[in-house]
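Observations on the model geometry
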Amino acid sequence: MPVLLKSLGERHPRIGSESFRVFSALLNALKPIKGADWIDSVYEQAVSKLSNHDTDAEVRECAEDCIADLWIGATETLRSKGGKEWESICRLSGKTDGAVKVVTKVAREISVGDAWVNGGVEWLLNLLKKAGRHGKLEMFLALDILLKSYT
């Protein structure tokens, strides 16, 4: 496990993206996960990659997917983290297709809370206001799922 955790921080994009894919598969196979030390390390590496503006697009996409799988598989652990990952995922500039898929996946699988849903709805509405955005169908689907997830 330590070698795999170390590979998350590799600068080579292929190694980084494949490492996040491995952890996503592991999270899906082991869910629900409670009290695993490696969850914190994977989370920190994913947030680091997402908050860095020069992260490779494929690595970013895999890190976003891994955050979704962390939320679904280790919900209680991630609730205590403060939600800084969403600030990096839910951005208004750049490519947002992956972020919409991540929000949709998390909202479909688990209940994060009404505050998170409110933030997601506001973010999606701002994305929809941008003229000429492709992927509007996915945004409306995400809105539908978010609105149905209010508690």
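All values reported here derive from a predicted model rather than from experimental measurement.

With respect to the packing of aromatic side chains
For any pair of aromatic rings, the description consists of the separation of the ring centres together with the inter-plane angle of the planes. With the rule as written, the count across this model stands at three aromatic pairs. Taken together, the ring pairs in this structure connect Trp71, Trp86 and Trp116 into an aromatic cluster.

Side note on the confidence of the model for the protein chain
With 98% of its residues at a pLDDT of 70 or more, the protein chain shows a mean pLDDT of 89. Considering each helix and strand of the protein chain separately, the mean pLDDT is smallest for helix α1 (residues 2-7), with a value of 83, and largest for helix α4 (residues 57-73), with 93.

Thoughts on the packing of helix α3 (residues 37-51) against α4
Put simply, α3 and α4 touch, their axes get as near as 9 Å, and they point 140° apart. Of the possible angle classes, the one that applies to α3 and α4 is oblique. The chirality of how α3 crosses α4 is left-handed. Of the residues in α4, those in contact with Ile39, Val42, Tyr43, Ala46, Val47, Lys49 and Leu50 of α3 are Val59, Arg60, Ala63, Glu64, Cys66, Ile67 and Leu70. Its residues assigned to classes, the contact of α3 with α4 comprises eleven nonpolar, no polar and three charged.

Regarding helix α8 (residues 114-129)
Taking 1.5 Å as the rise per residue, α8 with 16 residues should run 22 Å; its terminal C-alpha atoms sit 23 Å apart, in good agreement. Three or more residues of α8 are buried, namely Trp116, Val117, Gly120, Val121, Trp123, Leu124, Leu127 and Leu128. For α8, the angular spread of the buried residues around the axis is 165°, confining them to a single face. Across α8 from its buried face, at more than 90 degrees, point the exposed residues Ala115, Glu122 and Lys129. Looking at the buried side of α8, the elements it contacts are α6 (84-89), α7 (97-109) and α9 (136-148).

Focus on the nonpolar core
Ranked by size, the top nonpolar core spans 44 residues in total, and within it Ile67, Trp116 and Leu124 carry the most contacts. The element contributing the most residues to this core is α4, with eight residues. Excluding residues within four positions of it along the chain, leucine 124 makes contact with Val100, Met139, Ala142, Leu143 and Leu146.

Let's talk about the side chain of serine 19
By secondary structure assignment, the location of serine 19 is in helix α2 (residues 13-30). Residue contacts for serine 19: discarding those within four places in its chain leaves Ser7 and Leu8.

Looking at the pattern of salt bridges
Counted under the stated rule, the structure contains nine salt bridges. Here arginine 14 makes a salt bridge to glutamate 58, at a shortest N to O gap of 3.8 Å. Here arginine 14 is found in helix α2, whereas its partner glutamate 58 is found in helix α4, with 44 residues between them in sequence. With relative accessibility at 28%, the residue glutamate 58 sits in the partly exposed group. With its nearest N and O atoms 2.6 Å apart, the salt bridge here joins aspartate 40 to lysine 81. Placement of aspartate 40 in helix α3 and of lysine 81 in the loop between α5 (75-79) and α6 is noted, with a sequence separation of 41 residues between them.

Focus on the side chain of glutamate 85
Tracing the sequence through the fold places glutamate 85 in helix α6. One buried charged residue, glutamate 85, remains without a salt bridge, the closest side chain of opposite sign being lysine 84 at 7.2 Å. Engagement of the side chain of glutamate 85 in a polar contact is seen with the side chain of tryptophan 71, the distance being 2.7 Å. Apart from residues lying up to four places away in sequence, glutamate 85 is in contact with Tyr43, Val47, Ile67 and Trp71.

Rules used throughout
- Residues numbered from 1 in each chain as written.
- Predicted model: local features only at pLDDT ≥ 70, side-chain atom pairs only at ≥ 80, totals over all residues.
- Heavy atoms only, no water.
- Phe/Tyr/Trp six-rings, centres within 6.5 Å; stacked < 30°, edge-to-face > 60°.
- pLDDT = per-residue confidence, 0-100.
- Helix = DSSP H or I, 4+ residues; strand = E, 2+ residues; numbered from the N terminus.
- Axes fitted to C-alpha atoms, helices over the stretch in contact; angles between N-to-C directions.
- Parallel < 35°, antiparallel > 145°, perpendicular 65-115°, else oblique.
- Left-handed = near helix turned anticlockwise from the far one by under 90°.
- Contact = heavy atoms within 4.5 Å.
- Nonpolar A, V, L, I, M, F, W, Y, C, P; charged D, E, K, R; others polar.
- Expected span 1.5 Å × (residues − 1).
- Buried < 20%, exposed > 50% of the residue type's maximum accessible area, 1.4 Å probe, protein only.
- Arc of directions from axis to C-beta.
- Core = buried A, V, L, I, M, F, W, Y, C linked by side-chain atoms within 4.5 Å.
- Salt bridge = Lys/Arg side-chain N within 4 Å of Asp/Glu carboxyl O.
- Lys, Arg positive; Asp, Glu negative; His and termini not counted.
- Polar contact = N/O pair within 3.5 Å; in protein donor to acceptor, adjacent residues only side chain to side chain.

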